[in-house]
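Reading the structure
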There are 2 protein chains.
Amino acid sequence: MAEEKLTSRSENYSDWYNELVIKAELADYSPVRGCMVVRPYGWSLWENIQAALDRRFKETGHTNATFPLLIPKSFLEKEKEHVEGFSPELAVVTIGGGEELEEPLVVRPTSETIIGYMYSKWVKSWRDLPILINQWGNVVRWEMRTKLFLRTSEFFWQEGHTAHATEQEAREETLRMLDVYADFAINEAAVPVIKGVKSETEKFAGAVMSTTIEAMMGDTKALQSGTSHFLGQNFAKAFEIQFSDKNNELQYAWTTSWGLSTRMIGAIIMTHGDDKGLVLPPRLAPIQVVMVPIYKNDEEKSKVMPIADGIFSQLKNAGMRVKMDGREEVTPGYKYNDWEMRGVPLRLEIGPKDVEKNSVALARRDVPGKEGKVFVSQEGIVATVQTLLTDIQAGMLAKATAFRDSNMFDPKDFNELVEVVQKGWAVSHWCESKECESKVKESTKASTRCIPLDQTESQGSCIVCGKPSKRKVIFGKSY
Amino acid sequence: MAEEKLTSRSENYSDWYNELVIKAELADYSPVRGCMVVRPYGWSLWENIQAALDRRFKETGHTNATFPLLIPKSFLEKEKEHVEGFSPELAVVTIGGGEELEEPLVVRPTSETIIGYMYSKWVKSWRDLPILINQWGNVVRWEMRTKLFLRTSEFFWQEGHTAHATEQEAREETLRMLDVYADFAINEAAVPVIKGVKSETEKFAGAVMSTTIEAMMGDTKALQSGTSHFLGQNFAKAFEIQFSDKNNELQYAWTTSWGLSTRMIGAIIMTHGDDKGLVLPPRLAPIQVVMVPIYKNDEEKSKVMPIADGIFSQLKNAGMRVKMDGREEVTPGYKYNDWEMRGVPLRLEIGPKDVEKNSVALARRDVPGKEGKVFVSQEGIVATVQTLLTDIQAGMLAKATAFRDSNMFDPKDFNELVEVVQKGWAVSHWCESKECESKVKESTKASTRCIPLDQTESQGSCIVCGKPSKRKVIFGKSY
């Protein structure tokens, strides 16, 4: 419980984050190297994220399925870049049922290979395409330096895997799912992401093209928050996903994959959190409204509680996620701090004076202090609360967008680039060469985050080497 | 697709089952020993099972969370019976990030140990109890002889883990969750299970008492379909889950665990399936109503489709899971077989004559042939379909219950017991000794399934040894 204060963000951003995750009871460290426990409050947030995404996946024609956790090691070796990318991170099962296995099995780090194998069994004709499947599950990538939600050896995610008859369809699917991610991030999580294409260096191991949604955290670092990959025919060739086309000729399929993970919880924490704790967007918050009844004795209690219970029922029946904090062993002030730490968007206070005046107090989590507190009538409380929650959701997005925009810079030259990436993102022309990319990284620790998709091509020159460039890229430090 | 017929149940029940799972596209074999792929249709059924259970878990005060997939091997060794039970079935990770691990990690076969460890961190005082957490996930138990859904190395389930201040509370929780399982099985899956207590031989490794819901399959074998365990203080002592009670004295907590898995899909298949394929209960069916429009040419199509589309919208808007099968490359007859294989509870046919007569044909999956087909008015179609789905759900439960009851016997003596367990279950007095239990097993291959909870104690004598007995047990062959 929130008895001690958090380290402030300005003091030590990393400590602030680590403490917040524990104190808000989102997650906990486990005795297993690099693996986390997601506690009920954190998992409930993830369930809301899952529901919001799953609805969008189904609306775009996808269904869920599940594929084995364990993958023969030889499968990974069938796609050259893929195995190079993932080999150093594998957890390997060598013993099963008391005996050494003939072939080691890896705990899936991602499922392109095993799913590719199954698709090759299922696809015979163009009529079997497209296949549009998503899987919710856990994956393991061995990590040495871990941070809860951002980088853990086991994490939780969804991975979509689709197979198509034509390149164009697969490219459209890649961008469709990127749009789904951006729509989710912006309109549910109030995280104003930028959609873009990853550089050759930063793309997924085995992809032809990787796209990403990039978000700016409260310390101005970037967080890659979801990715959608066009895999070309790389995995189709490795796993022989072939079909007879309408002319009865054998063709390789075109595939995509796309994933979003519990990392998104890290994005929400670092986009919205403040020195008092978490601030959750109403659309995803496990608890949208917490009610704190206030009374000093049984007489006051007998006046307050019937009214409070009535309001609770009204809000609950209107479909809101509302909680009554009826604890008697702690003070109202303690409760305020506690729910502020957990980021509940709206607090409803009701005491004896409110009962007399037919009013309640409503305190917004996103606007601290008196400024965020209003006294409203009990009449029409459902509509009042609904309007406020909508305002909070919109206000959080606007605030995060303004913060991001005020920390994006357009440096004039390389020297200014080096300077601005210490305090935010640089949006600059770039020749798309690895040399210029690594020169920036070596000088500043900033990497290319993405080439934004929503830009009009313009004539410019690379901020590093001066060669002609048509598109701008975002440079920034990242998690 | 359902082009070839299934082996009939009477010919070979096991082949019938295996073929049905593949042809109905519920699941598929994978290239990984003993692991299955659950295909979209099967996973959609599992999602409906999950939703029906999850609602019940939340109504009884539980929340979801997640704990690590990988567990230090030493954890399992802390509870003696637990490690003896699970050791032979473990998959062991010995390599992580390219290096041999100092301590091997097992892929969880069940999570009492890792969860026990975390609870010992979280529980300090009686105020922290009870903890009521459920986890949805995958587990691995190495299997040599596998059968899709019934016995696979990786399977999908939920596992509830609770900790309580008193023995009584924990015992009540154990039975509460058994009731939840029984309520789910009977009222959602239409599987008439019997609640009971497992014998000492059959109980969970580490439990004080195991309870179970047992279902009778179409071949009269029993299937253990869900279990709820009272763990006493065994795991609390192994993992030091201790709390200060109200008198400020240190006490060990009392714990329970309970699980239901994708095995339930096997129970549904073998309770309701027939020689044409799957028969799904409407409350869990991914598709409740499939519509087959019938026309021979474009003129007929232009008459039929607007009416069919209108009915589709009405059913969909009423919240039903309805599918329009508009395929033009296959015949209506092919479609009938196809959806019968997949067990869709109700088929709605509409052709040019129906349009003229303002009618549609409705065919029940659970009542084959003309007997299950009615012609009804298009007026009030939503109410008609809803009533039929309710009838089907009730009819399936009644049919399965009658089948079970007609295959439960009350043998007079041991010789008759040996005879009746070849064709069904025996419900007999038993002295609860291991000797008599194993004598039955050796003579008949039938084991004790459970001591039914819903029985009034009666004076009797053990059907094997003749010693006095107060309670009856079910003997039966099982999966």
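To continue, consider the overall build of chain A. Counting its regular elements, chain A contains 14 helices and 25 strands. A compact globule built from 479 residues should have a C-alpha radius of gyration of about 23 Å, and chain A, at 25 Å, falls within 12% of that. When each of the 479 residues of chain A is scored for burial, the buried share is 59%. Considering only intrachain contacts with a sequence separation of at least 6, the fraction spanning at least 24 residues in chain A is 69%. Carbon and sulfur atoms make up 48% of the accessible area of chain A, which amounts to about 19600 Å² in all.

Another aspect to go through is the packing of aromatic side chains. Scanning the entire structure with this criterion turns up 28 aromatic pairs over all chains. Considering the side-chain rings of Tyr 13 of chain B and Trp 16 of chain B, the 5.0 Å spacing of their centres and the 40° angle between planes classify their relative orientation as tilted. Residue Tyr 13 of chain B and its partner Trp 16 of chain B are located together in helix α1 (residues 13–23), separated by three residues, close to a single helical turn. The exposure class assigned to Tyr 13 of chain B is buried, which follows from its relative accessible area of 12%. What links up through ring pairs into an aromatic cluster is the set Trp 46, Phe 57, Trp 136, Tyr 181 and Trp 258 of chain A. The ring of Trp 122 of chain B has Arg 39 of chain A sitting right over it, with the charged end atom 3.9 Å from the ring centre. A cation over an aromatic ring shows up here: Lys 246 of chain B above the ring of Trp 126 of chain B, its NZ or CZ 4.6 Å from the ring centre.

A residue-level look at chain A finds 99% of positions with pLDDT of 70 or above and a mean pLDDT of 96. We note a pTM of 0.96 for the whole complex and an ipTM of 0.95 for its interfaces.

Note on interface size: it is often stated as the accessible area lost on association of the parts. Taken residue by residue, the interface counts 52 residues in chain A and 52 residues in chain B. In total, about 4000 Å² of surface goes out of reach between chain A and chain B, with carbon and sulfur atoms giving 67% of it. Linking chain A with chain B are four salt bridges. On inspection of chain A and its partner chain B, the count reaches 20 residue pairs in polar contact (both at pLDDT 80 or more). Per-element accounting of the side of chain A that touches chain B gives the leading share, six residues, to strand β5 (residues 91–96) of chain A. Partitioned by chemical class, the residues of the side of chain A that touches chain B number 34 nonpolar, nine polar and nine charged. Note that β5 of chain A and strand β5 (residues 91–96) of chain B share five bridges and pair antiparallel.

This part takes up the environment of Asn 134 of chain B. All names here are of chain B. Looking at where Asn 134 falls in the secondary structure, it is placed in strand β7 (residues 131–140). Through-space distance from the C-alpha of Asn 134 to that of Thr 63 is 6.1 Å; in sequence the pair is 71 residues apart. Here Asn 134 is in contact with Asp 54, Phe 57, Thr 63, Asn 64, Ala 65, Gln 158, Glu 159, Gly 160 and Trp 258, once residues within four sequence places are set aside. Within the local environment of Asn 134, its side chain forms a polar contact with the side chain of Gln 158, the two groups lying 2.7 Å apart. Separated by 3.5 Å, the side chain of Asn 134 and the backbone nitrogen of Gly 160 make a polar contact.

Our focus in this paragraph is the sheet that holds strand β17 (residues 346–350) of chain A. Residues and elements named next belong to chain A. Pairing in this open sheet of five strands is mixed, and the strands run β16-β15-β17-β18-β19 from one edge to the other. Two strands lie at the open edges of the sheet, namely β16 (322–324) and β19 (373–377), each paired on one side alone. Across this sheet, the average inter-strand angle for adjacent strands is 25°, counted without regard to direction. Across five bridges, strand β18 (residues 359–364) lies against β19 in antiparallel orientation.

Before going further, it helps to examine the pairing of β17 of chain A. Residue and element names in this part refer to chain A. Of all five residues in β17, five are buried; the element is thus mostly enclosed. Along β17, one buried face is formed by Leu 346, Leu 348 and Ile 350 and the opposite face, lined by Arg 347 and Glu 349, is buried too. Where strand β15 (residues 289–293) and β17 come together, five bridges link them in parallel fashion. Among the inter-strand pairings, Pro 293 is bridged to a residue of β17, identified as Ile 350. Where β17 and β18 come together, four bridges link them in antiparallel fashion. Within the sheet, the bridge partner assigned to Leu 348 lies in β18 and is Leu 362.

This part covers the pairing of β5 of chain A. Residue and element names in this part refer to chain A. Across the six residues of β5, five count as buried, placing the element largely inside the fold. One ladder, built from four bridges, connects β5 with strand β6 (residues 99–107); its direction is antiparallel. Bridge pairing in β6 links Ile 95 to Glu 100. Between the antiparallel neighbours β5 and β6 lie two residues, among them Gly 97 with a positive phi of about 55°.

On to the sheet that holds strand β14 (residues 254–261) of chain A. All names here are of chain A. Across the sheet, which stays open at both edges, the 11 strands sit in the order β3-β7-β8-β14-β11-β10-β9-β22-β25-β21-β20 with mixed pairing between neighbours. Only two strands of the sheet have a single partner each, and these edge strands are β3 (63–64) and β20 (408–409). Direction of pairing for β3 relative to strand β7 (residues 131–140): parallel, over a ladder of two bridges. Paired with Asn 64 across the bridge in β7 is Asn 134. Taken strand by strand, helix α6 (residues 167–187) contacts β7, β8 (154–164), β9 (194–197), β10 (209–216), β11 (222–230) and β14, and its axis lies near 10° from that of β14.

Glancing now at the pattern of salt bridges. Summed over all chains, the structure comprises 64 salt bridges over all chains. With its nearest N and O atoms 2.8 Å apart, the salt bridge here joins Glu 214 of chain B to Lys 198 of chain B. Here the residue Glu 214 of chain B occupies a position in strand β10 (residues 209–216), and Lys 198 of chain B occupies one in the loop between β9 (194–197) and β10, the gap between them amounting to 16 residues. Taking the relative accessible area as the measure of exposure, Glu 214 of chain B reaches 0% and is therefore buried. Linking Arg 404 of chain B and Asp 405 of chain B is a salt bridge whose minimum nitrogen-to-oxygen distance equals 3.1 Å. Owing to a relative accessible area of 12%, Arg 404 of chain B belongs among the buried residues under this scheme. Look at Asp 405 of chain B and you get partly exposed, because its relative accessible area is 42%. Residues joined in a network through salt bridges with shared partners are Glu 25, Asp 325, Arg 327, Lys 335, Asp 338 and Arg 342 of chain A.

In this section: the nonpolar core. Counting 86 residues, the largest nonpolar core has Phe 67 of chain A together with Phe 67 of chain B as the members making the most contacts within it. Aside from chain neighbours lying at most four places away, what touches Phe 67 of chain A is Arg 108, Ile 114, Ile 115, Met 118, Tyr 119, Trp 122, Ile 133 and Gln 135 of chain A together with Val 37 and Glu 154 of chain B.

Moving on, we get to the relation of the copies chain A and chain B. Superposing chain A onto chain B requires a rotation of 180° together with a translation of 0.0 Å along the rotation axis, leaving an RMSD of 0.0 Å. In the structure described here, the two chain copies are related by an operation that fits a two-fold rotation axis. Judged by C-alpha distance, Val 93 of chain A is the residue of chain A that lies nearest the rotation axis, at 2.1 Å. Here 100% of the interface residues in chain A have copies in chain B that are interface residues too; the copies meet face to matching face.

We now examine the packing of helix α2 (residues 40–59) of chain B against helix α6 (residues 167–187) of chain B. The description of two helices packed together rests on the angle between their axes and the distance between the axes. Residues and elements named next belong to chain B. Running from N to C, α2 and α6 point in directions that differ by 145°, and their axes come no closer than 10 Å. Handedness of the α2/α6 crossing: right-handed. Counted together, Ile 49, Ala 52, Leu 53, Arg 56 and Phe 57 of α2 and Met 177, Val 180, Tyr 181, Asp 183 and Phe 184 of α6 form the full contact between these two elements.

Each value, and the rule that gives it
- Residues numbered from 1 in each chain as written.
- Chains lettered and ligands numbered in written order.
- Predicted model: local features only at pLDDT ≥ 70, side-chain atom pairs only at ≥ 80, totals over all residues.
- Heavy atoms only, no water.
- Helix = DSSP H or I, 4+ residues; strand = E, 2+ residues; numbered from the N terminus.
- Rg over C-alpha atoms; globule rule 2.2 N^0.38 Å.
- Buried < 20%, exposed > 50% of the residue type's maximum accessible area, 1.4 Å probe, protein only.
- Contact = heavy atoms within 4.5 Å.
- Areas by Shrake-Rupley, 256 points an atom, 1.4 Å probe, with all protein chains shown as cover.
- Phe/Tyr/Trp six-rings, centres within 6.5 Å; stacked < 30°, edge-to-face > 60°.
- Lys NZ or Arg CZ within 6 Å of the ring centre and 35° of its normal.
- pLDDT = per-residue confidence, 0-100.
- Buried area = accessible area lost by both parts, 1.4 Å probe.
- Salt bridge = Lys/Arg side-chain N within 4 Å of Asp/Glu carboxyl O.
- Polar contact = N/O pair within 3.5 Å; in protein donor to acceptor, adjacent residues only side chain to side chain.
- Nonpolar A, V, L, I, M, F, W, Y, C, P; charged D, E, K, R; others polar.
- Pairing = 2+ DSSP bridges.
- Axes fitted to C-alpha atoms, helices over the stretch in contact; angles between N-to-C directions.
- Core = buried A, V, L, I, M, F, W, Y, C linked by side-chain atoms within 4.5 Å.
- Least-squares fit on C-alpha atoms with pLDDT ≥ 70 in both.
- Left-handed = near helix turned anticlockwise from the far one by under 90°.

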